[in-house]
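# Survey of secondary and tertiary structure
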Amino acid sequence: MLTEREIIATLDMLRNENLDVRTVTLGVSLFDCASDDAGRFISNVRSKITRLAENLVDICDEIGLKYGIPVVNKRISISPVAAAAGGFSAEQMVLIAVALDDMAAQLRIDFIGGFGALVEKGMTKGDRALIDSIPEALAKTERICSSINAASTNAGINMDAVALMGRTIKQTAEATSGRDGIGCAKLVVFANIPQDVPFMAGAYLGVGEPDAVINVGVSGPGVVKMAIDRARKADPSLDLGRLSEIIKRTSFKVTRVGELIGRKVADRLGVPFGVVDLSLAPTPNVGDSVGEIFQSLGLKSIGCPGSTAALAMLNDAVKKGGIFASSHVGGLSGAFIPVSEDLNIAEAARTGRLTMEKLEAMTSVCSVGLDMVAIPGDTSAETISGIIADEMAIGVINHKATAARLIPVPGKKAGERAAFGGLLGEATILNIRDDGGSAGFIRLGGRIPAPVHSFRN
Amino acid sequence: MISARKPINNAEFFRMPGDVMKKIVFFVLGPDRPGIIASISRVLFEQGCTLEDVSQTILQGEFISIFIVSIKDSSDGDRLLAALREKLAPLGLVAHMKTMGDYEPSQQSGESFIITTVGPDKPGLIAGMTEILAHHGINITNLKAVSRIEQKPPHYITIYEVDIPKETDFHCFRAALQGRAKELGLDCNMQHREIFEQVNQV
């Protein structure tokens with residue numbers, strides 16, 4: 001039987017802390033859509049996605065209303081297009097992206113993710129065609145996200161792919177130069193990409209996944225921040241051990257709600273439920289910031305010394321609570337620190353408290369990596385590749401997912417503002433060291449071997 | 001607090017073949033103190049009753065409980081009530097009795113929601129809100145109201161557990177509920193019961 005205390009505490013969380021389900025993402029396998037004709041392939045894809053997702057938005061809204069928990073974003077993740085459409089040229093890949101964008105608009109889906117490739121050990125003809133198509137594909141579409149997995153703990157780092165992605169990111173920025181290089185906001189390079197991420201831009205449906213599946217991303221960081229603030233107000237003597245317990249308990253509750261909603265949507269759609277992704281994903285709204293959690297934990301700003309320790313504690317506590325709450329946790333499941341998508345982190349970047357180097361250090365303990373980082377438009381492709389390679393190395397050595405979503409903003413320099421609009425937010429362009437010092441290393445190419453799996457010191 | 005919503009069907013164990021049973025409801029009210037339930041259950045046991053359902057609560061020091069018992073049809077209910085009153089009168093408690101009819105409890109198919117209202121205390125809050133529930137055919141299965149006197153002015157929190165029939169027009173009901181809450185100066189929230197269970201129960 002529920003007690004009045006439980007009811008009132010739960011209501012406080014629901015009403016005052018912006019508890020929601022951040023994303024319900026329908027995974028759709030495209031492997032049975034394969035064809036040697038691009039038009040036929042697109043037709044097969046349209047038919048399948050429409051059949052599975054035609055009611056996705058309405059069902060999410062209906063269940064959100066019934067349970068009083070809004071589902072903020074409704075998305076689709078698809079099989080890596082480079083594999084499902086491996087026989088096509090770059091030009092045909094662009095046609096596929098445009099068709100997918102049209103499907104997303106018709107279905108009122110926020111984003112379709114999976115216009116990507118898995119190239120950690122090498123590239124197929126289809127992988128290369130897809131990567132070559134990215135600049136034009138992302139310039140011609142609004143709702144398509146692309147992820148390239150260029151490294152893994154088991155394969156090492158494909159430095160040829162890293163070098164190629166440095167150039168591709170530059171070209172994508174140029175192709176969307178009128179909008180501060182927004183194409184790059186939908187392009188991410190991963191190490192150890194999970195197969196079931198529901199969050200963009202990394203969402204795709206892995207090859208070991210079901211034909212269709214619902215994966216859920218839980219509520220944002222506002223809930224955690226408010227829980228910390230309330231606990232510290234009630235007991236100012238709380239230490240970090242006990243605050244970690246507060247975060248853990250909050251994560252438990254948030255995960256339970258996320259899974260409940262996800263399962264209801266999956267039941268209604270008649271597809272299996274996959275995983276809950278525990279990631280704390282901020283938005284550019286006040287009260288929905290990961291950066292503010294650092295302040296609630298006593299730091300003046302994210303980026304101050306102590307930030308990496310605070311992030312490590314936050315990430316770990318979120319995982320512990322979430323994993324206890326659900327047997328099916330997946331995706332990235334940690335804290336995101338996307339610079340432009342988080343008002344507080346963007347402000348720390350503006351004031352100089354948060355630098356590229358500190359961000360990189362923090363990515364060794366958080367769930368994604370260098371995310372939504374605006375850099376000067378004249379940054380060389382080799383320097384971008386160097387940053388990506390460093391980020392891949394952190395993931396490969398630490399057996400974790402890491403990624404780089406870098407936006408070289410055309411025509412703008414460090415300290416200027418870049419605005420991407422909506423959830424993608426805006427940010428001050430970070431200063432980075434770009435003196436050509438990475439070029440010699442990047443040009444060597446090849447594959448950095450997989451690390452040893454023992455002697456872990 | 002004692003509460004048992006499902007029958008503890010001990011009657012099945014104690015019933016002899018051929019016995020015809022009847023159900024009786026007792027209400028006991030009075031000032032709370034230790035030992036009340038012990039006294040009542042002792043009398044019921046001695047009078048050959050089998051306890052089926054019990055619910056008990058305490059409001060501002062007043063003990064209130066409801067017992068549903070089964071006894072042999074041939075037993076004398078009035079004698080049972082007299083025995084209870086004799087035992088409870090020294091404790092300042094009063095007891096009432098009612099024989100249950102053969103009617104089946106209403107089996108409304110619906111889903112369980114929790115409605116809460118919070119706002120400054122004033123007369124007519126519950127009457128105003130429950131009028132909307134009644135109008136939409138929504139049954140209240142549990143109701144709790146508490147004051148938060150630390151707030152200025154004192155706030156009144158009401159928690160209604162309700163069963164909403166499947167055929168209810170959700171949009172229409174929610175709008176009516178919110179409209180009435182606004183008229184009464186209340187902040188009203190309605191959530192599915194499953195949310196509370198998932199969040200609070202391991």
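Residue numbers here run from 1 along each chain, matching the order of that chain's written sequence. Going through the entries in the order they are written, you letter the chains from A and number the ligands from 1. Local features in this predicted model are restricted to residues whose pLDDT is 70 or higher, and side-chain atom pairs enter the listing and the counts only when it is 80 or higher, whereas totals over whole chains, interfaces and linings include all residues. The basis for every side-chain value is the complete set of non-hydrogen atoms in the structure, without hydrogens or water.

## Looking at the environment of S109(B)
Residues and elements named next belong to chain B. Tracing the backbone shows S109 in the loop between β4 (94–99) and β5 (110–120). Summary of the burial criterion: residues with accessible area below 20% of their type's maximum are buried, those above 50% are exposed, and those between are partly exposed, where the area comes from a 1.4 Å probe applied to protein chains only. A relative accessible area of 47% means that S109 is categorised as partly exposed. Between the C-alpha atom of S109 and that of I164, which follows or precedes it by 55 residues, the distance is 8.1 Å. The contact rule is simple, with two residues in contact once any of their heavy atoms fall within 4.5 Å. With residues up to four places along the chain from it excluded, the contact list for S109 reads P165 and K166. Numbering of helices and strands runs from the N terminus, with a helix taken as a DSSP run of H or I at least four residues long and a strand as a DSSP run of E at least two residues long.

## Comments concerning the sheet that holds strand β7 (residues 155–165) of chain B
Residues and elements named next belong to chain B. A pair of strands counts as paired when DSSP detects no fewer than two bridges linking them. Spatially, β6-β7-β5-β8 is the arrangement adopted by the 4 strands of the open sheet, whose pairing is antiparallel. Taken across any chain shown, the strands that pair with only one partner, and hence form the sheet edges, are β6 (139–148) and β8 (187–192). Strand-to-strand twist in this sheet, taken as the mean axis angle between neighbours without regard to direction, amounts to 15 degrees. Strands β5, β7 and β8 of the sheet are contacted by helix α5 (residues 170–183), whose axis makes an angle of about 150 degrees with β8. Orientation is described by lines fitted to C-alpha atoms, with helices fitted over the stretch in contact, and by angles between N-to-C directions that extend from 0 to 180 degrees.

## Focus: the packing of helix α7 (residues 159–175) of chain A against helix α14 (residues 381–397) of chain A
All names here are of chain A. Their axes nearest at 8 Å, the elements α7 and α14 cross at an angle of 130 degrees. Comparing their axes, α14 and α7 come out oblique. With respect to the hand of their crossing, α7 and α14 are arranged in right-handed fashion. Contacts from M159, V162, A163, M165, G166, R167, I169 and K170 in α7 reach A381, I384, S385, I388, A389 and M392 in α14. Classes in brief: Ala, Val, Leu, Ile, Met, Phe, Trp, Tyr, Cys and Pro nonpolar; Asp, Glu, Lys and Arg charged; the others, Gly included, polar. A breakdown of the residues in the contact of α7 with α14 according to their chemical character gives 10 nonpolar, 2 polar and 2 charged. An angle below 35 degrees is treated as roughly parallel, one above 145 as roughly antiparallel, one from 65 to 115 as roughly perpendicular, and anything else as oblique. Throughout, a crossing is termed right-handed when the near helix is turned clockwise from the far one, and left-handed when it is turned anticlockwise from it by less than a right angle.

## Remarks on unusual backbone geometry
Residues and elements named next belong to chain A. The peptide bond linking M200 to A201 adopts the cis configuration, its omega dihedral lying at 10 degrees. In this fold, A201 is placed in the loop between β7 (187–191) and β8 (212–217). One non-glycine residue, M372, adopts positive backbone phi at about 55 degrees. Among the secondary structure elements, M372 is positioned in strand β11 (residues 369–376).

## Focus on the layout of surface pockets
Once rolled over the atoms, a probe with the size of a water molecule shows which space is left empty. All names here are of chain A. Cavities and pockets are defined on a 1 Å grid built over the protein atoms alone: a cavity is a set of grid points where a 1.4 Å probe fits but cannot escape, while a pocket is an open set with protein on both sides within 12 Å along at least five of seven lines, and lining residues are those with an atom within 4 Å of any such point. Grid points are joined across faces, edges and corners, and a volume is the space filled by probe spheres set on the points. Roughly 520 Å³ of volume is contained in the second largest pocket. R75, F111, E341, L423 and L424 are the residues nearest the centre of the second largest pocket, which is lined by 35 residues in total. Elements that contribute at least two residues to the lining of the second largest pocket include exactly β1 (21–28), β2 (71–78) and β7. Here the residues of the lining of the second largest pocket are counted per class, giving 19 nonpolar, 6 polar and 10 charged.

## Comments concerning the sheet that holds strand β1 (residues 21–31) of chain B
All names here are of chain B. If you walk across this open sheet you meet the 4 strands as β2-β3-β1-β4, and the pairing is antiparallel. Taken across any chain shown, the strands that pair with only one partner, and hence form the sheet edges, are β2 (50–59) and β4. Taken pair by pair, the neighbouring strands of this sheet meet at an average axis angle of 15 degrees, ignoring direction. The pairing of β1 with strand β3 (residues 62–72) spans 11 bridges and is antiparallel. Considered in β3, the bridge of K23 is made with S70. Against the sheet, helix α2 (residues 36–46) engages β1, β2 and β3, with an angle of about 15 degrees to β3. In the packing of helix α3 (residues 77–88) onto the sheet, the strands contacted are β1, β3 and β4, and the crossing angle to β4 comes to about 165 degrees.

## As for the interface of chain B and chain A
Each partner contributes residues to the interface: chain B has 30 residues there, and chain A has 23 residues. When two parts are put together, the accessible area they lose, computed with a 1.4 Å probe and summed over both, is reported as buried area. Carbon and sulfur atoms make up 64% of the surface buried where chain B meets chain A, a total of about 2600 Å² over both sides. Summed over the three residues of chain B that lose the most area to chain A, namely I195(B), Q198(B) and V199(B), the buried surface amounts to 22% of that side. Within this document, salt bridges are pairs made up of a side-chain nitrogen of Lys or Arg and a carboxyl oxygen of Asp or Glu, the two lying within 4 Å of each other. Across the chain B-chain A interface, the total number found is 2 salt bridges. In this structure, the salt-bridge partner of K264(A) is E194(B), at a minimum N-O distance of 3.3 Å. At the level of elements, β5, β6, β7, α5, β8 and α6 (193–200) of chain B are the ones that each hand at least two residues to the side of chain B that touches chain A. With 8 residues, α6(B) is the largest single contributor of residues to the side of chain B that touches chain A. Grouping the constituent residues of the side of chain B that touches chain A by class yields 12 nonpolar, 10 polar and 8 charged.

## Points about the pairing of β3(B)
All names here are of chain B. Bridge count for β2 against β3 is 9 bridges, and the pairing is antiparallel. Across the sheet, residue T57 finds its bridge partner in β3, namely I64. Connecting β2 to the next strand, β3, in antiparallel fashion are 2 residues, including Q60 with a positive phi near 45 degrees.

## Points about the nonpolar core
Residue and element names in this part refer to chain A. Counting 151 residues, the largest nonpolar core has L56, I76 and I214 as the members making the most contacts within it. Looking at this core element by element, the count peaks at 9 residues for helix α9 (residues 240–269). For I76, the contacting residues outside a window of four places in its chain are T25, L26, V28, I49, A53, L56, L107, I109, F111, I112, G113 and M200. By convention a nonpolar core is built from buried Ala, Val, Leu, Ile, Met, Phe, Trp, Tyr and Cys residues, the set being connected through side-chain atoms within 4.5 Å.

## As for the confidence of the model for chain B
Residues and elements named next belong to chain B. The pLDDT value expresses, per residue, how confident the predictor is, ranging between 0 and 100. Taken residue by residue, chain B gives an average pLDDT of 83. The fraction at 70 or more is 84%. This model gives residues 1–13 a pLDDT under 50, and the stretch forms 27 contacts once residues within four places in sequence are excluded. Reported confidence for the predicted complex is 0.74 by ipTM and 0.86 by pTM.

## Digging into the state of the cysteines
All names here are of chain A. Any two cysteine sulfur atoms within 2.5 Å of one another count as a disulfide. Going through the model one piece at a time under the given rule, you end up with 0 disulfides over all chains. In this structure C184 is a free cysteine whose sulfur lies 12 Å from that of C145, the closest cysteine sulfur available. On the basis of relative accessibility, which here comes to 0%, the residue C184 falls in the buried class. The closest cysteine sulfur to the non-disulfide-bonded C366 is located on C304, 17 Å from its own sulfur. A residue is classified by how much of its surface remains accessible, and C366, at 1% relative accessible area, is buried.

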